[in-house]
Amino acid sequence: MSSSRTALLLIDMQTGFLHPEASLTVPPGLELIPNLQRLLTFFRAHDLPVIYTAFVASPNIPTQRVDPFGLEHQPPVPGEPTGYGHPSGNCQLTATGAESPEIYPALAPLPTEPVIQGYSLDKFYGTPLDQLLRARDIRHLVITGVMTDLCVLGTAFSASTREYRVTLVSDGCATLWQNIQDAVLDIVRRKLGRVMTADEVIKMMNAEG
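In this text, all values refer to a predicted model and were calculated from it rather than measured experimentally.

## Quick notes on the overall build of the chain
For step 1, the next point in the chain: Scanning the chain for helices and strands turns up 7 helices and 6 strands.
For step 2, the next point in the chain: If you list the helices and strands of the chain from N to C, you get β-α-α-α-β-β-α-β-α-β-α-β-α.
For step 3, the next point in the chain: Relative to the globule expectation of 17 Å for 209 residues, the C-alpha radius of gyration of the chain, 17 Å, shows essentially globular dimensions.
For step 4, the next point in the chain: Based on the C-alpha atoms only, the size of the chain along its principal axes is roughly 60 × 35 × 30 Å.
For step 5, the next point in the chain: Counting all 209 residues of the chain, 52% fall into the buried class.
For step 6, the next point in the chain: The long-range share in the chain, meaning contacts at least 24 apart out of those at least 6 apart in sequence, stands at 72%.
For step 7, the next point in the chain: In the structure as shown, the chain presents an accessible area of about 9900 Å², 54% of it carried by carbon and sulfur atoms.

Rendered as structure tokens:
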């Protein structure tokens, strides 16, 4: 891993996926925060790129991620129940409170750190992420975020297809099911890239100077 050509990618660490009252909350995602904060501190201290992504939804852009595969992303119906399995406005561009698409406050980006909004699982698809990385001459991606089996894996596949060198942070990504987490980490280490802990990433990058 060439430190000077490495970026940290935080995928969808948003209020709408981490707030305990969100319809699509991922409770294990909150456990990642200390590890991600250490990575953020390291990358920022070494003036290395930090890039966030945010899944967003809008009635003006109908996608399968909203209907039929993301009922919770549909706008709430006045007077009707919200929560898991119901239209709740999760990560709608205009959502506030627990369903907000904003980055979770404990991991808030600096003003200079871009937040790439995407309407799909693959954060390269239909976004300027690839252009942004190539403009910075980035070749290595340290990937973190939620959920491991959806947006994280989809983006890791897409990054590998584009010949980025992928490092997936095992204690920097999460999903709802441990067996699925383990399976995805196995898939990545077999064919897509390296799997390392946050501390292992920092140790290796320190060694490389």
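## Focus: helix α7 (residues 198–208)
For step 1, the next point in the chain: By the burial criterion, the buried members of α7 are A198, V201, I202, M204 and M205. All buried residues of α7 project into a common sector of 165 degrees when viewed along the axis, lining one side. Away from its buried face, by an angle of more than 90 degrees, α7 presents the exposed residues K203 and A207.
For step 2, the next point in the chain: Those residues of α7 that are buried lie in contact with β1 (6–11), α3 (33–45), β4 (140–146), β5 (165–174) and β6 (193–196).

## Let's talk about the packing of aromatic side chains
For step 1, the next point in the chain: Scanning all chains against the criterion turns up 2 aromatic pairs.
For step 2, the next point in the chain: Ring plane angle 75 degrees and centroid distance 6.0 Å describe the contact between F42 and F43, whose orientation is recorded as edge-to-face.
For step 3, the next point in the chain: Here F42 falls in the buried class, since its relative accessible area comes to 8%.
For step 4, the next point in the chain: Taking the ring centre of Y164 as reference, the NZ or CZ of R139 above it sits at 5.0 Å.

## Observations concerning the packing of α3 against α7
When two helices pack together, their arrangement is given by the angle between their axes and by how far apart the axes lie.
For step 1, the next point in the chain: Closest axis-to-axis distance for the α3/α7 pair is 9 Å, and the angle between their directions is 15 degrees. One way to sum up the angle between α3 and α7 is to call them roughly parallel. Crossing hand, α3 versus α7: left-handed. Of the residues in α7, those touching α3 at N35, R38, L39, F42 and F43 are A198, D199, V201, I202, M205 and N206.
For step 2, the next point in the chain: Per-class residue counts for the contact of α3 with α7 are 7 nonpolar, 2 polar and 2 charged.

## Observations regarding the nonpolar core
For step 1, the next point in the chain: L8, L39, F43 and V146 are the most contacted members of the largest nonpolar core, which totals 35 residues.
For step 2, the next point in the chain: Among the secondary structure elements, those contributing two or more residues to this core are β1, α1 (15–18), α3, β2 (50–55), β4, β5 and α7.
For step 3, the next point in the chain: Considering every element that reaches this core, the biggest residue donor is α3, with 6 residues.
For step 4, the next point in the chain: Excluding anything up to four places from it in sequence, L39 contacts L8, T144, V169, A198, V201 and I202.
For step 5, the next point in the chain: With 25 residues, the next largest nonpolar core counts V152, L153, V166 and V184 among its residues.

## Examining the sheet that holds β4
For step 1, the next point in the chain: Sheet architecture is open: 6 strands sit in the order β3-β2-β1-β4-β5-β6, paired in parallel fashion. Only two strands of the sheet have a single neighbouring strand rather than two, namely β3 (115–118) and β6. Each strand axis lies, on average, 25 degrees off the axis of its neighbour in the sheet, ignoring direction.
For step 2, the next point in the chain: Pairing geometry for β5 and β6, over 4 bridges, is parallel. Looking across to β6, one finds that V169 is bridged to M196.

## Brief notes about unusual backbone geometry
For step 1, the next point in the chain: Omega for the bond connecting D67 with P68 falls within 30 degrees of zero, at 20 degrees, which places this linkage in the cis form.
For step 2, the next point in the chain: One can find P68 in the loop between β2 and β3.
For step 3, the next point in the chain: Going from V146 to M147, the amide bond is cis rather than trans, its omega being -15 degrees.
For step 4, the next point in the chain: Summarising the element assignment, M147 is placed in the loop between β4 and α5 (148–161).

Rules used in this analysis
- Residues numbered from 1 in each chain as written.
- Predicted model: local features only at pLDDT ≥ 70, side-chain atom pairs only at ≥ 80, totals over all residues.
- Heavy atoms only, no water.
- Helix = DSSP H or I, 4+ residues; strand = E, 2+ residues; numbered from the N terminus.
- Rg over C-alpha atoms; globule rule 2.2 N^0.38 Å.
- Buried < 20%, exposed > 50% of the residue type's maximum accessible area, 1.4 Å probe, protein only.
- Contact = heavy atoms within 4.5 Å.
- Areas by Shrake-Rupley, 256 points an atom, 1.4 Å probe, with all protein chains shown as cover.
- Arc of directions from axis to C-beta.
- Phe/Tyr/Trp six-rings, centres within 6.5 Å; stacked < 30°, edge-to-face > 60°.
- Lys NZ or Arg CZ within 6 Å of the ring centre and 35° of its normal.
- Axes fitted to C-alpha atoms, helices over the stretch in contact; angles between N-to-C directions.
- Parallel < 35°, antiparallel > 145°, perpendicular 65-115°, else oblique.
- Left-handed = near helix turned anticlockwise from the far one by under 90°.
- Nonpolar A, V, L, I, M, F, W, Y, C, P; charged D, E, K, R; others polar.
- Core = buried A, V, L, I, M, F, W, Y, C linked by side-chain atoms within 4.5 Å.
- Pairing = 2+ DSSP bridges.

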